[in-house]
Amino acid sequence: MKLRFNRKQLCIPYAVFLVFFVLAPLFVILYYAFTDGQGKISFSNFANFFTNTNTLGTLLYSFSLAIVTTLVCLVIAYPTAYILARSNLKKKYVLLLLFILPMWINFTLRITALKEILSLLEGNISAYPFLNSVIGMTYDFMPFMILPLYTSLLKLDKSLLEAASDLGGNKLTVFLRVTLPLSVPGIISGMTMVLLPSMTNYVVLDMLYNSTYIMGSLIGSYFSAYDWNNGSMISLVLLVIIFIVTLVTNRFSDKDSNARGAVL
Amino acid sequence: MDKNENIIELIDVRKVFDGDTVAVESFNLQVKKGEFVTFLGPSGCGKTTTLRMIAGFELPTSGKILLNGEDISKLPPNKRPVNTVFQKYALFPHLNVYENIAFGLRLKKIENTYVNKNGETYVKREKLTKSEIDKKVRKALEIVDLEGFEKRGVSTLSGGQQQRIAIARAIVNEPEILLLDEPLGALDLKMRKEMQIELKKMHKKLGITFIYVTHDQEEALTMSDKVVVINDGEIQQTGTPTEIYNEPINTFVADFIGESNIFNGTLVGKLKVKFCGATFNCLDDYEINQLVDVVVRPEDIKICTPEEGQLKGRVISSVFKGVHYEITVGIGKFEIIIHSTTDAPVGGIIGLRIEPDGIHLMEKVYTVNKYDGVITKTNKVEFGDGEFECDVTCLYAGSHLDEEGYLVTAQGEKLDLTGTEVDVEVDTHDIMMSDDLSSGGAQGNIISMIYKGDHYRYIVRTEDNEEDYVLSCPDMWNTGDLVGIIIPKEKIKLSLKVTEDGK
């Protein structure tokens, strides 16, 4: 007998995975978020989230950390990507590889190395928790910013820049009026890819002795205290926030869905 | 404007890419204000590079570009009063039609004159006001016949409409010169014809100087006041469309512009030229016995009865082309193409007549190949990116080679020729091509072929140092073929280089 699969059958492994590891846990989270410890339906967790100053403070701290990280990444990545994409360097793929290479090294190892460097520079690294966390996350997520920017700048038609300067634009105007607007999809895509993980990646903070909670660590702390209900609610709220952010940014990058694609 | 009415002048412009690829060589051109000038040539001939140097996207390696007498060679594009219509339009995808056209206007500053309280006039450089911009954009849209398209996104437009927007975006800035880089290349035939007429109309209406780049000879002849035929980075001929067509200066121009029959001819008397085995009266005056290329346009050959004809031949084929028949006639080993409004029966014998004004003579550019060569250790000669067997004894009269390979002169002197520099000459009909690349002394690609009635003239260019071999061959090869170059030993003519110390 010959083995034949149609397309539906080929979907089965993924569908099973989806049901057991995505859908089912989601329902479990939903269930815990809207019940109390005794299994009765309750909205107290929801109320807790928005009345507890601790939780709101953590949300705010996470947001500021994520936004600062994203902006720092953008400021460093844009010129780098611009130079890489615009230059005629024969070695530019080597350069690009150097920026991507850290992604291939285990991230705990990277952060440990960074910790050593920072303690060498700062002495007591626990004195600058916020700064160090930003540095750590920037280091960690930089490739996710560079790649989409690089791709969208690389795709930029050179004749558009020539046209802009032909019509009287100097180098700055050409950049501001043509290059920058046309790289917006890349910017949005890069920002999404840095902003969301840096709101939750508490391992970086832990390793760099930043004891302030961010969303990730807050959820962890509830779960380790066996408070499934409040932990689930926070996860759910975070999920909704991420969903909204993605929805809004997708609107911008719709035109240019390729920008997300990496070159390597 | 003063007596110097050339709006733009290119003086000895040369452009070299990557250190050794010459794109444009000794380019000299004057364009008068209001002219429609076309750069015409095959792809890769340097026409677009020249245009880009006028626009400012490329800087000439040497030479000058003068605009109204001022040197602009080093100015960036935004400082030049010229605008470009790009080959693929290059419209800004993030802006709508209105904003695309207004792009240049929003950056422009104009000098306004004011009078202050004390009655003194002063000049202020100011941006255009919103209503000024609005008026100009609408005017430009009107010129290209796309009123009402202001709010449309550029990606929603058809190719022809995008082309018009690209033109509007350029002319709205009122440039002194409008540069057009194969602007109609991406349009279909019908659309292209329409746009050709419209561009011509626009040129008349606006009075702007147009410099137009195309590889389409028909387009060039239809639209231009002046055609500049370019090949291999050099101007071949500059003239009005009629001049270019009727009086081509060399076989390249004759072959590139329109169809032509090209033959080898010899002057046999005052204003008498012999080709295809017959003697014809001609109008071009050359010395007797001068070898020439003879160009005859297919429509300049008249069919008559065999008795009346200067030439007599058999009709090989006849193809109806709409307005005329394209008739191929075989005369001995020659083939002649004729355009005639009347048909001739295939296989029939007909006579042909050519009037003196239909015969164009041009001096042969290539009669012999000349190279600088060096004798190698094995008594071969190295030239033109290759190494060939040769007869070194022809360098010294009466000499011979001994067993060890040394040359012994008539006086008994023993010479080691290794490293001797020589001049090498090879006749065009002594070079042969072969599919077997290793069989020849050199190899290269066929870069040009021109049919000469009974044989083809080829130019083979080597890859390493771009040395050219010009040769005649009766067989048909294809341009771009990689071939081996074979030259028989006895056909390589060597002579010692005359050096200063007389050795």
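In case you missed it, the structure is sitting above this.
Residues numbered from 1 in each chain as written. Chains lettered and ligands numbered in written order. Predicted model: local features only at pLDDT ≥ 70, side-chain atom pairs only at ≥ 80, totals over all residues. Heavy atoms only, no water.

### Topic: the interface of chain A and chain B
Thought 1: Between chain A and chain B, the contact holds 16 residues from the first and 20 residues from the second.
Thought 2: Between chain A and chain B, a total of about 1,600 Å² is buried, with carbon and sulfur atoms accounting for 64% of that surface.
Thought 3: Three residues, Asp166, Leu167 and Arg177 of chain A, lead the burial of chain A against chain B; their summed loss comes to 43% of the area buried on that side.
Thought 4: Taken together, the links from chain A to chain B amount to one salt bridge.
Thought 5: Of the charged contacts in the structure, one is a salt bridge between glutamate 162 of chain A and arginine 52 of chain B, with a shortest N-O distance of 2.6 Å. (Contact = heavy atoms within 4.5 Å. Buried area = accessible area lost by both parts, 1.4 Å probe. Salt bridge = Lys/Arg side-chain N within 4 Å of Asp/Glu carboxyl O.)

### Quick notes on the packing of aromatic side chains
Thought 1: Inspection of every chain in the model, using the stated rule, returns 30 aromatic pairs over all chains.
Thought 2: Considering the side-chain rings of phenylalanine 49 of chain A and phenylalanine 50 of chain A, the 4.8 Å spacing of their centres and the 65 degrees angle between planes classify their relative orientation as edge-to-face.
Thought 3: Relative to phenylalanine 130 of chain A, the ring of tyrosine 61 of chain A lies with its centre 5.7 Å away and its plane at 75 degrees, an arrangement referred to as edge-to-face. Taken together, the residues tyrosine 61 of chain A in helix 3 (residues 53-86) and phenylalanine 130 of chain A in helix 6 (residues 129-154) connect sequence positions 69 residues apart.
Thought 4: Relative accessible area serves as the criterion here: at 18%, tyrosine 61 of chain A is assigned to the buried category.
Thought 5: Residue classification places phenylalanine 130 of chain A among the partly exposed positions, given a relative accessible area of 29%.
Thought 6: Directly above the aromatic system of tyrosine 114 of chain B lies the positively charged group of lysine 124 of chain B, at a separation of 5.9 Å from the ring centroid. (Phe/Tyr/Trp six-rings, centres within 6.5 Å; stacked < 30°, edge-to-face > 60°. Helix = DSSP H or I, 4+ residues; strand = E, 2+ residues; numbered from the N terminus. Buried < 20%, exposed > 50% of the residue type's maximum accessible area, 1.4 Å probe, protein only. Lys NZ or Arg CZ within 6 Å of the ring centre and 35° of its normal.)

### Let's talk about the sheet that holds strand 17 (residues 301-304) of chain B
Strand-to-strand pairing in sheets goes through backbone hydrogen bonds, with the strands running parallel or antiparallel.
All names here are of chain B.
Thought 1: Reading across from one edge, 17-21-18-19-20 is the order of the five strands in this open sheet, with antiparallel pairing throughout. Looking at strand neighbours, the two that pair on one side only are strand 17 and strand 20 (334-340), the edges of this open sheet. Taking the axes of each pair of neighbouring strands and ignoring which way they run, one obtains an average angle of 45 degrees across the sheet.
Thought 2: Of the strand pairs in this sheet, strand 19 (residues 325-331) and strand 20 are connected by seven bridges, and their pairing is antiparallel. The residue of strand 20 that forms the bridge with isoleucine 331 is phenylalanine 334. (Pairing = 2+ DSSP bridges. Axes fitted to C-alpha atoms, helices over the stretch in contact; angles between N-to-C directions.)

### A look at the environment of valine 22 of chain A
Residue and element names in this part refer to chain A.
Thought 1: Positionally, valine 22 belongs in helix 1 (residues 7-33).
Thought 2: With relative accessibility at 36%, the residue valine 22 sits in the partly exposed group.
Thought 3: Considered as a pair, valine 22 and isoleucine 234 are 212 residues apart in the sequence and their alpha carbons are 17 Å apart.

### Some details on the pattern of salt bridges
Charged atoms that come close allow side chains of opposite charge to pair.
Thought 1: Inspection of the entire model under this criterion finds 19 salt bridges over all chains.
Thought 2: Across the pair aspartate 232 of chain B and arginine 461 of chain B runs a salt bridge whose closest N-O atoms are separated by 3.1 Å. Residue aspartate 232 of chain B is located in the loop between strand 11 (226-231) and strand 12 (234-239), and its partner arginine 461 of chain B is located in strand 32 (residues 456-462); the two are separated by 229 residues in the primary sequence.
Thought 3: In this structure arginine 461 of chain B comes out as buried when scored by relative accessible area, which is 17%.
Thought 4: Look at the salt bridges and you will find they share partners, linking Glu162 of chain A together with Lys15, Arg52 and Glu58 of chain B into a network.

Nothing here speaks to function; it is geometry throughout.
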